[in-house]
Amino acid sequence: MAADGGNGQGPGNRYGQHHHRPRIGLALGAGVARGWAHIGVLRALARYGIEADIVCGSSVGALVGGLHLAGKLDALEEWTRSLTRMKIVGYLDLRLRQGGGLIGGDRLVAEMRHHLGDVRIEELPNPFAAIATDLVTGHEVWMRNGPLVDALRASFSLPGVFPPVRFEGRWMVDGALVNPVPVSACRALGAQMVIAVNLAADIIGKSRRPGAAVPTAAGFDLLKLIDEEQGPDGESKSRAGFRVPIGALSRRIFRRDYEGPSLFGVMVSSLGIVTDRIARSRLAGEPPDVHITPRLGHIGLSEFDRADDCIREGEAAVERVLPDLQDALRVFGYAPPV
């Protein structure tokens, strides 16, 4: 692991004669499908010559941050931009009768292993921490060693949606439950200046869907989409080859005469509310030096097929805070390259 970060180069090497550049930490926040905005943030920061020496992420923030440090950001962006609703269904293995979550996640893990192989966190070129929550103690866990794929899978294990992950002898669930925007982890790992990306700050955007009868924060209803793929043989089979066994429980979940918030929508929206409130509290006590807040409230938490919109807004959010980034760097006596 590079001692000075910067993709294996010290600050002096990366920035020529500017030996006083602060060690920059990047805290990538949770946000489910809105997390694709992190791709745009990373692209825009790199375009202005700002690269993080330390990266910490929670949930989807860990996923994007880990793949970025592993040199797989291009592959991730290509994959996210190719997603459609039916492709999303094809990656999900629904489990109505077993497991600690509705979705097994095995196909997603297989996709990650295809790109990452057996890369370990300690082999990444920069210090990295994926945030998770110990399901037994409720403790915040910073995963800094071990298989990268396993750590990322644990960090985005939404309770009720994905089953908990066994990691180094502990049952882990989503890190957003304890630290949705891990500024504290960046500082603890040695960051002098922390840039935080908070995906839950756009309260106004949450009201941009006029006329909706029920809350739409979750976006499209995954379970309803699966139901629409039901076949006459009593199984659900999408064009991606996805199957769901039909039984009394699934028929109850897929009721067509119910007009209120869906099961999936309630679960995902509730988690969004909890993490939003926790993020506000944590950021008030641990404020970053630069706070990037993409305007994503109009994008549902399950709308993984809207990568283009999210990435574009991530880039725009960096543009909006560019003066703050420049000022923060100058505070440390460094002439920013932007």
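Residues numbered from 1 in each chain as written. Predicted model: local features only at pLDDT ≥ 70, side-chain atom pairs only at ≥ 80, totals over all residues. Heavy atoms only, no water.

Draft legend 1. Local environment of the packing of helix α2 (residues 37-47) against helix α3 (residues 60-69). In contact at an axis separation of 9 Å, α2 and α3 are set at 40° when each is read in the N-to-C sense. One element, α2, and the other, α3, form an angle in the oblique class. In the crossing of α2 with α3, the sense of the turn from one axis to the other is right-handed. Residues His 38, Ile 39 and Leu 42 of α2 lie in contact with α3, whose contacting residues are Val 60, Gly 61, Val 64 and His 68. (Axes fitted to C-alpha atoms, helices over the stretch in contact; angles between N-to-C directions. Helix = DSSP H or I, 4+ residues; strand = E, 2+ residues; numbered from the N terminus. Parallel < 35°, antiparallel > 145°, perpendicular 65-115°, else oblique. Left-handed = near helix turned anticlockwise from the far one by under 90°. Contact = heavy atoms within 4.5 Å.)

Draft legend 2. Structural detail: the packing of aromatic side chains. What the rule picks out here adds up to three aromatic pairs. An angle of 90° between the planes, with centres 6.2 Å apart, marks the rings of Trp 36 and Trp 79 as edge-to-face. Pair noted here: Trp 36 is in the loop between β1 (24-28) and α2 and Trp 79 is in helix α4 (residues 73-82), with a separation of 43 residues, a long-range link. For Trp 36, a relative accessible area of 2% puts it in the buried group. Members of the aromatic cluster, joined through ring pairs, are Trp 36, Trp 79 and Phe 304. (Phe/Tyr/Trp six-rings, centres within 6.5 Å; stacked < 30°, edge-to-face > 60°. Buried < 20%, exposed > 50% of the residue type's maximum accessible area, 1.4 Å probe, protein only.)

Draft legend 3. Layout of the pattern of salt bridges. Taken as a whole and assessed by the stated rule, the structure comprises 21 salt bridges. Where Arg 47 meets Glu 319, a salt bridge forms, and the shortest distance between an N and an O atom there is 3.9 Å. Taken as a pair, Arg 47 in helix α2 and Glu 319 in helix α12 (residues 307-331) lie far apart in primary sequence, 272 residues in all. Residue Asp 309 pairs with Arg 306 through a salt bridge whose shortest N-O separation is 3.2 Å. A relative accessible area of 29% places Asp 309 in the partly exposed class. In this structure, a network of salt bridges that share partners links the residues Arg 85, Glu 303, Asp 305, Arg 306, Asp 309 and Arg 312. (Salt bridge = Lys/Arg side-chain N within 4 Å of Asp/Glu carboxyl O.)

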